[in-house]
2 protein chains.
Amino acid sequence: MRIRPVKIDTYRENIVFLRKDCDLCRAQGFAALSKVEVASNGRSLVAVLHVTDEPFLAKGEVGLCEYAFQQLGVPAGAEARVRHLDPVRSVDLVRKKLHGEVLDQEAYRRIIRDIVENRYSKVELTAFVIGCAQGFMDREEIFYLSRAMVEQGQRLDWGQEMVVDKHCIGGIPGNRTTMVVVPIVAAYGLTIPKTSSRSITSPAGTADTMEVLANVDLTLEDLRRIVKAEGGCLAWGGSFALSPADDIIIAVERPLNIDAVGQMIASILSKKQAAGSTHVLIDIPVGPTAKVTTMAHATALKKLFEYVGEKMGMTVEVVATDGRQPVGRGIGPVLEVRDVMAVLSNAPDAPADLREKCLDLAGRILDFAPALRGGHGRRIAERILHSGEAFEKMRRIVEAQGARAPREPGPITREALASSTGTVLAIDNHELAACAKLAGAPVDQGAGLDLLKKVGDRVLSGEPLFRIHAEETADMGFAWDYWTRHPEMVEIG
Amino acid sequence: MRIRPVKIDTYRENIVFLRKDCDLCRAQGFAALSKVEVASNGRSLVAVLHVTDEPFLAKGEVGLCEYAFQQLGVPAGAEARVRHLDPVRSVDLVRKKLHGEVLDQEAYRRIIRDIVENRYSKVELTAFVIGCAQGFMDREEIFYLSRAMVEQGQRLDWGQEMVVDKHCIGGIPGNRTTMVVVPIVAAYGLTIPKTSSRSITSPAGTADTMEVLANVDLTLEDLRRIVKAEGGCLAWGGSFALSPADDIIIAVERPLNIDAVGQMIASILSKKQAAGSTHVLIDIPVGPTAKVTTMAHATALKKLFEYVGEKMGMTVEVVATDGRQPVGRGIGPVLEVRDVMAVLSNAPDAPADLREKCLDLAGRILDFAPALRGGHGRRIAERILHSGEAFEKMRRIVEAQGARAPREPGPITREALASSTGTVLAIDNHELAACAKLAGAPVDQGAGLDLLKKVGDRVLSGEPLFRIHAEETADMGFAWDYWTRHPEMVEIG
């Protein structure tokens, strides 16, 4: 058969299309949703079959969705062979896991290998993620899973004894500390080749926010050159295949939204090790609408991170931080860049909470440096920020990655007003994030929310609580509608 | 937007297609794999979004896959509105179930209602099925689930005090007892409106096999008329929406292939109650390659069936049967029809194991009749079979449903030979089924296997063990190849 790319975006699911009347469907009893293997030019992939009568396929053609076409990497029109996939044997191990068995290193290797080869369907991936959910996976297994994930991806080597990194488990809008921490740490002289993700369900990821200022889609050669020259970078991690298993698992994990602790730890630590990091600081925000709601849970997580990190041969430090509300004022790429640059340039109106958190985290990372006396890191971080060295380092990183034209916040604005007088008691991270997304973030870089009041602030009835920015009138309508239906997102009492 | 049917078969998944450049994708940030609600002419459905650049969609069109188009039931070109779906709240209950909580009747109602309305994605359905898997669901919950499933479907009423039925939990190739039991029981005078499924993963379901002889895709009026006249029928149950939730869940449950006992019991008993049955016999084959491998497991299942059945107000009897090997000789629709008709016509070469099993099961069902002394059923069943009354009843049912032209077994044949002399020690149900499917069953009605030796038979090296029948040369190749790679499917020692 001949390969025909079909422009359908299936979000990381390999789908192939065959005509209902093709010989293969008839002779081999291929049925919709079967798993099939497509082989061409010595390459192959596993895909889910959709059977079609649409005229977009000619006789003798096999259609590949965009993702599958990219994965296979052969030209349109290439000869291909399609065949039934043998049952994936490692799925038996997933069933064992679901029945409460403890799996060994080899089992995790086999599962992760099959996942990376796209042999797992969404249903099987879901079963794996649930099998790895809290309570079912012991700490040794988390280590096995982490190691298997590292083995199955690309691994970067910086030729240095110490490579530092940071990671936040997420969930707090506006929490853009990385863009301040990296320039401070790099200005001190440590190596911090930071790769970040784009938003999947949040109003902005670090890669989305950095992209307002500079190109983040770097080649490996760019990355090496910039880190060599500047000690740090702020790149999108997606193109380096550091943990290809994780990139696949995430497609079912996010919508599932269950507490898969082992999976999360393995995902984070495997990516850090694959990125060549030796010393890693993990930020766990704690608060009623954060991912982690109690200090007891944060402590349990911390111990797991430390245990698995040590077995992997990394130094992992974990800090629990204040996750009761967004950090800084802006939520959305352009608005967050504004906060970050205010902190880096020591602007008097820079959000104090963002600045303090960045200094704390940068200080903890600097404390990894053997030359520093324990606990001196925070003071050094302050010195580097105040002296303008961090700002200058950020300027150089932006220039090295390729600076972009400045962007303004979305021009369509509307203010959400307090309906009573009192004190702001709580702010709901989830609802603020949802509202900012409806306003257009992160796709529209200027869209989002600007928080004008934070927890503890006094507010008068009729005073603005936050300002919505949008780039399209329709989006402002969606965000405004959400706010009017969820006035509890800022609680006043 | 205007509705455009897109001829893509997604096997019971609602998929809608929007152009990448449509206003909705741009303004509302619709992304691939989002869940959306499509509303038109006062009807609506929930679907997964695929974003496309293919020219099969014009501007202003929303594409619906075949399944979604049928579900929505409005004409092509109808005006439709597409919007983001609010999060499905009952998924929180599924998460609770996954974390080990016991759910109440109202929780199961909400979950099943959302599933029937197609609000669950494949990932969420998988989470539900795993949550219901063995060890997580108590017997009260199985009852709640069963009742919720009955409430959400169509329910048949035969206006009779006693309506009998039988069901086998499956897994044994060739086990076509229903086609003998129904005519015996109906000939006695009990009402047995049997609806069966088509094969999903097996080489033949009862509906596939009956379809060789007669039309099985009956309207509800046909069904009523035939049952009134003959006391029984052998119809395909798929068109009566007896348990629409089950029809949806099965799409993830089959590929998952985990031991979801609660789900299985609820699925079976809810369908029986919806079909109007009052007395049900459940057949649980036990054997090393059957679904149930130990008598202890069969007994546990039996107790659960009885408990839940009683709470639902049905009389449920459970028998454990010999599941060590296929029943009868033929595997595949035409070959199984040959065995069934041999038993019904009292042919001297009819497979004895199939005949005995059918008489046992029919006897147990006849024992439900209040007029019969306990334990006399089996003798009555024998009398009805031997007298030719059962054969005559089958002839009348076939005629009432619409008889079909006789079919011959697949003309391309090849015999699998014993590689050593000895006794047949074991036959692998799974592997025989896989081989029969590769030969083309059930799509090619004449394809399948004809077992020439059974467990306990003496066999000489070079003697045929079974004959493969196919209708296409390519299929014979696939089945033969499978046999050569799995010679252990018939163990000789």
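**Q** Got a minute to help me understand the relation of the copies chain B and chain A in this structure?
**A** One copy of the chain maps onto the other through a rotation about an axis followed by a shift along the same axis. Relative to chain A, chain B is turned by 179° and slid 0.1 Å along the rotation axis, the superposed coordinates differing by an RMSD of 0.1 Å. What we have between these two chains is a two-fold relation. In terms of C-alpha distance to the rotation axis, chain B has B:Val123 as its closest residue, with the C-alpha 3.0 Å off the axis. When the interface residues of chain B are mapped onto chain A, 100% of them again lie at the interface, so the same face is used by both copies.

**Q** Just checking my understanding: could you explain the interface of chain B and chain A for this structure?
**A** How big an interface is tends to be stated in terms of the accessible area lost upon association of its parts. Each side of the interface is counted separately: chain B has 39 residues, and chain A has 41 residues. In this assembly, chain B packs against chain A so that about 3700 Å² is buried in total across both faces, 62% of it on carbon and sulfur atoms. Linking chain B with chain A are zero salt bridges, by the criterion used here. Between the two partners, chain B and chain A, sit two residue pairs in polar contact (both at pLDDT 80 or more). Those elements that place two or more of their residues in the side of chain B that touches chain A are strand E1 (2-6), strand E2 (8-9), strand E3 (15-19), strand E5 (43-52), helix H3 (91-98), helix H5 (122-131), helix H10 (244-256) and helix H18 (473-485) of chain B.

**Q** Hey, could you run me through helix H15 (residues 377-386) of chain B in this one?
**A** Structural remark: α-helix, 3.6 residues per turn; residues separated by three or four positions point the same way. Residues and elements named next belong to chain B. By the burial criterion, the buried members of H15 are Gly 377, Ile 380, Ala 381, Ile 384 and Leu 385. Down the axis of H15, the sector holding all buried residues measures 135°, keeping them to one side. Looking at the buried positions of H15, the neighbouring elements they touch are helix H7 (178-188), helix H13 (333-344), helix H14 (352-366) and helix H16 (389-401). At the exit of H15 stands Gly 388, carrying a positive phi of roughly 90°.

**Q** Help me understand the environment of B:Ser270, please; the structure alone is not making it clear to me.
**A** Residue and element names in this part refer to chain B. Inspection of the secondary structure assignment puts Ser 270 in helix H11 (residues 261-274). For the pair Ser 270 and Arg 147, spaced 123 residues apart in sequence, the C-alpha to C-alpha distance is 6.7 Å. Each residue touching Ser 270, except ones within four places of it in the same chain, is listed here: Ser 146, Met 149, Val 150, Ser 243 and Met 312.

**Q** Before we go on, may I ask you to explain the nonpolar core in this structure?
**A** One recurring pattern in soluble globular proteins is that nonpolar side chains are buried together. If you look at the biggest cluster of nonpolar residues, it comprises 163 residues, and the most contacted ones within it are A:Phe305 and B:Phe305. Leaving out residues up to four positions away in the same chain, A:Phe305 has contacts with A:Ile169, A:Met264, A:Ile265, A:Ile268, A:Leu269, A:Ile282, A:Ile284, A:Val316 and A:Val318.

**Q** Just to check I follow, could you spell out unusual backbone geometry for this structure?
**A** Trans peptide bonds make up the majority, and among non-glycine residues the majority have a negative phi. With omega at -5°, the peptide bond leading from A:Ala441 into A:Pro442 counts as cis. Looking at where A:Pro442 falls in the secondary structure, it is placed in the loop between helix H17 (429-438) and strand E16 (448-451). Here the phi dihedral of B:Asn41 falls at roughly 50°; this positive angle occurs in a residue that is not glycine. In this structure, B:Asn41 sits in the loop between strand E4 (35-40) and E5. With relative accessibility at 57%, the residue B:Asn41 sits in the exposed group.

**Q** Before we go on, may I ask you to explain the pairing of strand E12 (residues 315-322) of chain A in this structure?
**A** If a strand is regular, its side chains alternate between the two faces of the sheet. Residues and elements named next belong to chain A. Here strand E11 (residues 279-286) runs beside E12; their pairing, made up of eight bridges, is parallel. Bridged to Ile 282 within E12 is Val 318. For the crossover from E11 across helix H12 (residues 295-311) to E12, the handedness is right-handed.

**Q** Is there a simple way to explain the pattern of salt bridges in this structure?
**A** Two side chains carrying opposite charge are able to pair once their charged atoms lie near each other. Applying the stated rule across the entire model yields 70 salt bridges over all chains. Through salt bridges with shared partners, one network takes in A:Arg338, A:Asp339, A:Glu415, A:Asp450 and A:Arg467.

**Q** Hey, could you run me through the domain arrangement of chain A in this one?
**A** Residue and element names in this part refer to chain A. We note that the domain assignment places domain 1 (2-84), domain 2 (164-237 + 268-401) and domain 3 (412-492) within chain A. Facing 28 residues of domain 2, the contacting portion of domain 3 comprises 20 residues. Regarding the contact of domain 2 and domain 3, the summed buried area is about 1800 Å², with carbon and sulfur atoms giving 54% of it. Along the contact surface separating domain 2 from domain 3 lie two salt bridges. In this structure, Asp 450 and Arg 338 form a salt bridge, with 2.7 Å as the shortest nitrogen-oxygen distance. Inspection of the region where domain 2 meets domain 3 yields 11 residue pairs in polar contact (both at pLDDT 80 or more).

**Q** Even after reading the chapter, I still don't get the side chain of B:Glu61, so can you show me in this structure?
**A** All names here are of chain B. Relative to the assigned elements, Glu 61 resides in strand E6 (residues 61-65). No salt bridge is formed by the buried Glu 61; the nearest opposite charge belongs to Arg 4, separated by 4.0 Å. For Glu 61, the side chain forms a polar contact with the main-chain nitrogen of Ala 58, separated by 2.8 Å. Excluding residues that lie within four positions of it along the chain, Glu 61 makes contacts with Met 1, Arg 2, Arg 4, Phe 17, Leu 18 and Phe 56.

**Q** Explain the packing of H14(B) against H15(B) here, please?
**A** Axes are the key here: two packed helices are described by the angle between their axes and the distance separating the axes. Residue and element names in this part refer to chain B. For the pair H14 and H15, interaxial distance at closest approach is 7 Å and the crossing angle is 120°. With respect to their mutual orientation, H14 and H15 come out oblique. Seen along the crossing, H14 lies across H15 with a hand that is right-handed. When H14 is examined against H15, the residues Arg 355, Glu 356, Leu 359, Asp 360, Ala 362, Gly 363 and Leu 366 are found in contact with a partner set consisting of Gly 377, Arg 378, Ile 380, Ala 381, Glu 382 and Leu 385. Split into classes, the residues belonging to the contact of H14 with H15 amount to six nonpolar, two polar and five charged.

**Q** Would you mind showing me how to read the packing of aromatic side chains here?
**A** The geometry of an aromatic ring pair is captured by the separation of the ring centres together with the interplanar angle, meaning the angle of the planes. Within this structure, the stated rule accounts for four aromatic pairs over all chains. Taken together, a centroid distance of 6.0 Å and an interplanar angle of 40° make the contact between A:Phe143 and A:Tyr144 tilted. Residue classification places A:Phe143 among the buried positions, given a relative accessible area of 6%. Pairing A:Phe466 with A:Trp483 gives two aromatic rings, centres 5.1 Å apart and planes at 80°, and the pair type is edge-to-face. Linking A:Phe466 in strand E18 (residues 464-470) with A:Trp483 in helix H18 (residues 473-485), this pair joins segments that are 17 residues apart in sequence. Comparing A:Phe466 with A:Trp483, the two get one shared label, buried. The ring of A:Trp480 has A:Arg414 lying over it, and the distance from NZ or CZ to the ring centre is 3.8 Å. Over the ring of B:Trp158 we find B:Arg224; its NZ or CZ atom is 5.8 Å from the centre of that ring.

**Q** I keep staring at the sheet that holds E11(A) and nothing clicks. Help me out?
**A** Strands in a sheet are paired, the pairing made by backbone hydrogen bonds, and the direction either parallel or antiparallel. Residues and elements named next belong to chain A. One open sheet accounts for three strands, arranged E8-E11-E12; its pairing is parallel. What marks the edges here is a single partner per strand, and that holds for strand E8 (164-168) and E12. On average, each strand axis in the sheet is inclined to that of its neighbour by 20°, with strand direction left out of account. Lying over the sheet, helix H11 (residues 261-274) contacts E8, E11 and E12, oriented at roughly 155° with respect to E8. Here H12 sits on the sheet in contact with E11 and E12, set at roughly 165° to E12.

**Q** Before we go on, may I ask you to explain the sheet that holds strand E17 (residues 458-459) of chain A in this structure?
**A** Residue and element names in this part refer to chain A. Taking strand neighbours across the sheet as the criterion, the three strands line up as E17-E15-E19 in an open arrangement whose pairing is antiparallel. Each edge of the sheet is formed by a strand with only one pairing partner; in this case those strands are E17 and strand E19 (490-492). Bridging between strand E15 (residues 422-427) and E17 involves two bridges; their strand directions are antiparallel. Across the sheet, Gly 422 pairs through a bridge with Val 459, a residue of E17.

Cut-offs and rules
Residues numbered from 1 in each chain as written. Chains lettered and ligands numbered in written order. Predicted model: local features only at pLDDT ≥ 70, side-chain atom pairs only at ≥ 80, totals over all residues. Heavy atoms only, no water. Least-squares fit on C-alpha atoms with pLDDT ≥ 70 in both. Contact = heavy atoms within 4.5 Å. Buried area = accessible area lost by both parts, 1.4 Å probe. Salt bridge = Lys/Arg side-chain N within 4 Å of Asp/Glu carboxyl O. Polar contact = N/O pair within 3.5 Å; in protein donor to acceptor, adjacent residues only side chain to side chain. Helix = DSSP H or I, 4+ residues; strand = E, 2+ residues; numbered from the N terminus. Buried < 20%, exposed > 50% of the residue type's maximum accessible area, 1.4 Å probe, protein only. Arc of directions from axis to C-beta. Core = buried A, V, L, I, M, F, W, Y, C linked by side-chain atoms within 4.5 Å. Pairing = 2+ DSSP bridges. Right-handed = clockwise from strand over helix to strand, strands pointing away. Domains from an automatic or database assignment. Lys, Arg positive; Asp, Glu negative; His and termini not counted. Axes fitted to C-alpha atoms, helices over the stretch in contact; angles between N-to-C directions. Parallel < 35°, antiparallel > 145°, perpendicular 65-115°, else oblique. Left-handed = near helix turned anticlockwise from the far one by under 90°. Nonpolar A, V, L, I, M, F, W, Y, C, P; charged D, E, K, R; others polar. Phe/Tyr/Trp six-rings, centres within 6.5 Å; stacked < 30°, edge-to-face > 60°. Lys NZ or Arg CZ within 6 Å of the ring centre and 35° of its normal.

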